[in-house]
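# Inside the fold
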Amino acid sequence: MRRQTDHPLVRAAISIAALGGLLAAVLIAAKPSLPWTDRTDNAAAAQAQAAPGPVMFPLFGRKSGRLYDYEPKGTGGVQPMVDMGGGWAEADALVQANVSDGGKGNDLYHRIDGTLFYTAERGNDTKVVGGGWQIYDRLVSVGNMGGTAEPDLVARHTDGTLWLYAARPDGLLQPRIRIGSGGWGAMTALAGRGDYTGDGKTDLIARHSDGTLYLYPGTGDYVADGVLGARITVGAGWNIHKLIVSAGDNNGDGRTDLIAADTAGLLWLFKGTGNPSAPFAPRVQIGTGGWAAFDHLF
C-alpha cells in the first residue's frame, strides 16, 4: 500500500522569507525521496522521460490550498487520491514535469510572487529557477519540444505571445524562444505532454475562449516561431469543461490522452487515437463527482 508520508511534496516544507523585497531563503524540511517504495513502477517511473509516445503520468490537483495525487490505473482512469499536504494556496502556477532521475521522477515547478521554483522528486533540494515570471499568465509542461532529453515548459506572456523554455537535466531552463507571435491570450486552456497526431513529435492542445479546441502539431524544429505547425480544429463545445489537462497515456494503449473536469464536477477521459483529423475518441467518464472543487489540475 502506498505511504502518504513518503511523498516528497508532503515532506518538503517550503519557507520563503522576504528581505528588502528580494527572496532571502528557501528552506526544505526534509530530503525528498521516492514517493513510495512499493509502487509497481507506475507513471513516468517505468517509462522514458517526456518524449512523445506511451508515457503515463499521475494526475495532480489542488483544492482549498492542498495538493492531491491521483495515480493512473494503467487501463484508464485514476486510483483513489493521496493527500500531499497543504500550504499551496499562494502558488499561482503549478506544473508537473519528469526531469529528475533520468526522467523517472514526478517533479514540480511552482511560482510564488513572480519567482519560479523547481522541486525534484528524486533529488535533495528546491531550486530557484528565476525571478520575473509574473509576466506569464499560464505555464504548462509539454514534453520534449526543444530537442533536449528533458520535458520543456511553455509559457504564455500577458501580451498574448507564447514562449518555449527547453529544460536542463538539473531542472533549470535554457533561454526561451518564441513559438507564438500573438493571439494566444484568447486561449483558456493549454495542454500537451505527448504526440496526438501519430507522427512521433510532441504537440500542443489549446482551447479558445469560444469553446473551440485546437491541436497544434509539433514540427520537431527548434527555431523561433517554427516549433508549431498550422493548427487543426478538434471540435467545439469544450467550454463545458472547467479544467483540461494531459496526464500522458492514461489508459496504456500507447497514445497520449486528454483528461477534462466538467463544470458539474465529473471527470472525463478522451482517449487519443493518433489520427490528426480526429485525435480523440468519444469521452469516457472516469470520475463520479467533486472535481469542480479543484482550481487546478496538472
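Residues numbered from 1 in each chain as written. Predicted model: local features only at pLDDT ≥ 70, side-chain atom pairs only at ≥ 80, totals over all residues. Heavy atoms only, no water.

## Notes on the pairing of strand 20 (residues 267-270)
Of the two faces of strand 20, both are covered, the one formed by Leu-267 and Leu-269 as well as the one formed by Trp-268 and Phe-270. By the bridge criterion, four bridges tie strand 19 (residues 258-262) to strand 20 in an arrangement that is antiparallel. In the strand pairing of strand 20, Ile-259 is matched with Leu-269. Linking strand 19 back to strand 20 in an antiparallel pair, the connection comprises four residues, with Gly-265 at a positive phi of about 100°. Inspection of the sheet shows strand 20 paired to strand 21 (residues 284-287) by three bridges, in the antiparallel sense. Within the sheet, the bridge partner assigned to Leu-269 lies in strand 21 and is Val-284. (Buried < 20%, exposed > 50% of the residue type's maximum accessible area, 1.4 Å probe, protein only. Helix = DSSP H or I, 4+ residues; strand = E, 2+ residues; numbered from the N terminus. Pairing = 2+ DSSP bridges.)

## Focus on the packing of aromatic side chains
Throughout the structure, instances matching the rule amount to 14 aromatic pairs. Aromatic side chains Tyr-68 and Phe-294 sit 6.1 Å apart centroid to centroid with 85° between the ring planes, which places their arrangement in the edge-to-face category. With Tyr-68 in strand 4 (residues 66-70) and Phe-294 in the loop between strand 21 and strand 22 (296-297), this residue pair connects regions lying 226 residues apart in the sequence. Of the residues examined, Tyr-68 reaches a relative accessible area of 8% and is grouped as buried. When its relative accessible area of 1% is taken as the criterion, Phe-294 is described as buried. Note on Tyr-136 and Tyr-165: the rings are 6.0 Å apart at their centroids and 85° apart in plane angle, and the pair reads as edge-to-face. Placement of Tyr-136 in strand 10 (residues 136-143) and of Tyr-165 in strand 12 (residues 162-165) is noted, with a sequence separation of 29 residues between them. For the pair formed by Tyr-136 and Tyr-165, the shared burial category is buried. By the ring-pair criterion, three or more aromatic residues cluster together here, those being Tyr-68, Tyr-70, Trp-291 and Phe-294. (Phe/Tyr/Trp six-rings, centres within 6.5 Å; stacked < 30°, edge-to-face > 60°.)

## Examining the pattern of salt bridges
Enumeration according to the criterion identifies six salt bridges in this entry. A salt bridge links Arg-168 to Asp-170; the shortest N-O distance between them is 2.6 Å. (Salt bridge = Lys/Arg side-chain N within 4 Å of Asp/Glu carboxyl O.)

## Here we look at unusual backbone geometry
In the Ramachandran plot, Ser-64 falls in the positive-phi region, its phi being about 50° despite a non-glycine side chain. With respect to the helices and strands, the residue Ser-64 is situated in the loop between strand 3 (59-63) and strand 4. Residue class for Ser-64 comes out exposed when judged on its relative accessible area of 72%. A positive phi angle is found at Asp-113, which is not glycine, with a value near 50°. You can see Asp-113 is positioned in the loop between strand 7 (107-112) and strand 8 (115-119). A relative accessible area of 73% places Asp-113 in the exposed class.

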